[in-house]
Amino acid sequence: MAQSKTALSTQAYKGTRDFYPEDMRLQQWMFASLRKTAESYAYREYDGPTLEPYELYAAKSGEELVSQQLYHFVDRGERKVAIRPEMTPTLARMVAGKLQELPRPVRWYCISNFHRYERPQRGRLREFWQLNCDVLGGDALQADVEILNLALDLMAGFGGTEFVRVKVNNRKLMDHFFTQSLSLTPEQTLKLTKLIDARSKMGEEKYGAGLGEIGIDGERRIQLEAFFGGTLETIAREHPCEGATELVKLFALLRESGAGAQIIFDPLVMRGLDYYTGTVFEVYDVSPENHRAMFGGGRYDNLVGMFGGQALSGVGFGMGDVTLKNFLETHGLIPELGGFTDVLVSLPKAECRVPAEKIARELRSLGLKVMTPLQVGGFGEQIKLALKHGARFVVLFGDEELARGEVLV
Ligand code: HAM
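What comes next concerns the included structure. Note that this is a predicted model, so its numbers are computed, not measured. (Residues numbered from 1 in each chain as written. Predicted model: local features only at pLDDT ≥ 70, side-chain atom pairs only at ≥ 80, totals over all residues. Heavy atoms only, no water.)

1. Some remarks on the sheet that holds strand β14 (residues 393-395)
Step number 1: Taken in spatial order, the 3 strands make up an open sheet running β13-β12-β14, and their pairing is parallel. Strands at the two margins of the open sheet, each flanked by one partner only, are β13 (370-371) and β14.
Step number 2: Summarising the sheet, strand β12 (residues 343-345) and β13 pair through 2 bridges and their orientation is parallel. Looking at the pairing, V343 lines up with V370 of β13. (Pairing = 2+ DSSP bridges. Helix = DSSP H or I, 4+ residues; strand = E, 2+ residues; numbered from the N terminus.)

Printed below as a string of structure tokens:
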């Protein structure tokens, strides 16, 4: 039958997903594991609103996020409102709002949804969920170590540590190299940071042209490539600065803490967001089909202070559900989640509704998931119904069983 022109589409809005019960089940299973690991480090769950003032992001999140990816609108009271694209500015606002009361270090996590106007593709959608874990206050390098170990343990929770690499760099080191060694202006530095961040996605030819546009050629280009080819030891020797010292100390502390060899130094990690001021990192799948970062994070010194009170440095990361699901599927780490219903209590005839409900209530009080049919049906029908709904057990009875106070399971 031809559809009328006015029929509404059943498709979800571009880049968003419907979560049918099976999808929801998988999502909740992933979140349960993340929650368990985050809470095992004594992180406390929080959340904030989906709507925030536009200015919250305009201040520090960076040009790409704000001018290209932010969903925003003007509300009926003429206020410019944004749909949250990330959690960190909200977290900073909330912590700044109760700075004096909160016991420090603040160790918080959330699992929330975010929107970004991006071209939907593998690993990128317009609505996604992120686990955010952050520590604010405390010794900065120790907090960095904790956050990196937590990132690896989240993957261990899925049995997937061996398939990830945590790539670590430091914004101060990069700023030092760009301004002191390459003598770039702040504007050139910002452009180069973005360009390097996008390098793997744009291809070498476009990257080369981009360098030319920023004014990096000849000797400076050779210096740049030599830097990227360096190890932490050579870079720290040739470019002594606060950032390099922090990185060397960080890796020494990581080794002491028994952190896995999956955590490596990578001078190419830039991070697209502008508020990072120290350690930055990204977690990658070793499988080339998942080439996008699964987590991104780093240290931010100037977010809490922007609300007018005292400054408080923090470090944390966001891990996306889309890339996590791709990762788990690629490495076969999703177990059979089994049926959802434990028991179906049958309804052989209308007069049996009361005893059937009584049995169901008793079983529910034991913590079982129990379904009662909404229609009378014979044994065969009820067993079919149970199979369809994936129930593991069926409680069958008729007048005779009831008279004896028994049922058939
Ligand atoms: P981000 O790098 O923008 O950082 O996002 C972190 C992770 O969220 C990404 O690695 C990816 O897994 C996921 N993600 C981001 N955008 C999308 C998208 N369009 N579709 C699917 N997944 C996406 C932040 O958001 C920082 N606020 C993280 C942070 C927390 N830094 C410190 N604390």
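2. Overview of empty space enclosed by the protein
Any space left empty among the atoms is revealed by the rolling of a water-sized probe across them.
Step number 1: Under the defined criterion, the tally for this structure stands at 2 cavities of 30 Å³ or more.
Step number 2: Taken as a whole, the largest cavity holds about 70 Å³ of empty space.
Step number 3: R122, G123, E289, N290, H291, R292, M294, T323 and N326 are the residues that line the largest cavity.
Step number 4: Among the residues forming the lining of the largest cavity, the class breakdown is 1 nonpolar, 5 polar and 3 charged.
Step number 5: In this structure, the second largest cavity encloses a volume near 40 Å³. (1 Å grid on protein atoms, 1.4 Å probe; cavity = no way out; pocket = protein on both sides within 12 Å on 5 of 7 lines; lining within 4 Å. Points joined across faces, edges and corners; volume = space filled by probe spheres on them. Nonpolar A, V, L, I, M, F, W, Y, C, P; charged D, E, K, R; others polar.)

3. A look at the site of the ligand
Step number 1: Surrounding the ligand, one finds 27 residues, the nearest of these being E86, T88, E118, L125 and Y276.
Step number 2: The separation between an oxygen atom of the ligand and a polar side-chain atom of R116 is 2.9 Å.
Step number 3: A distance of 2.9 Å separates an oxygen atom of the ligand from a polar atom in the backbone of M294.
Step number 4: When the ligand is considered free in solution it has 660 Å² of accessible area, and contact with the protein chains removes 97% of it.
Step number 5: Every element with two or more residues in the shell around the ligand is listed here: β6 (127-136), β10 (295-300), β11 (314-320) and α12 (321-330). (Near = heavy atom within 4 Å. Polar contact = N/O pair within 3.5 Å; in protein donor to acceptor, adjacent residues only side chain to side chain. Areas by Shrake-Rupley, 256 points an atom, 1.4 Å probe, with all protein chains shown as cover.)

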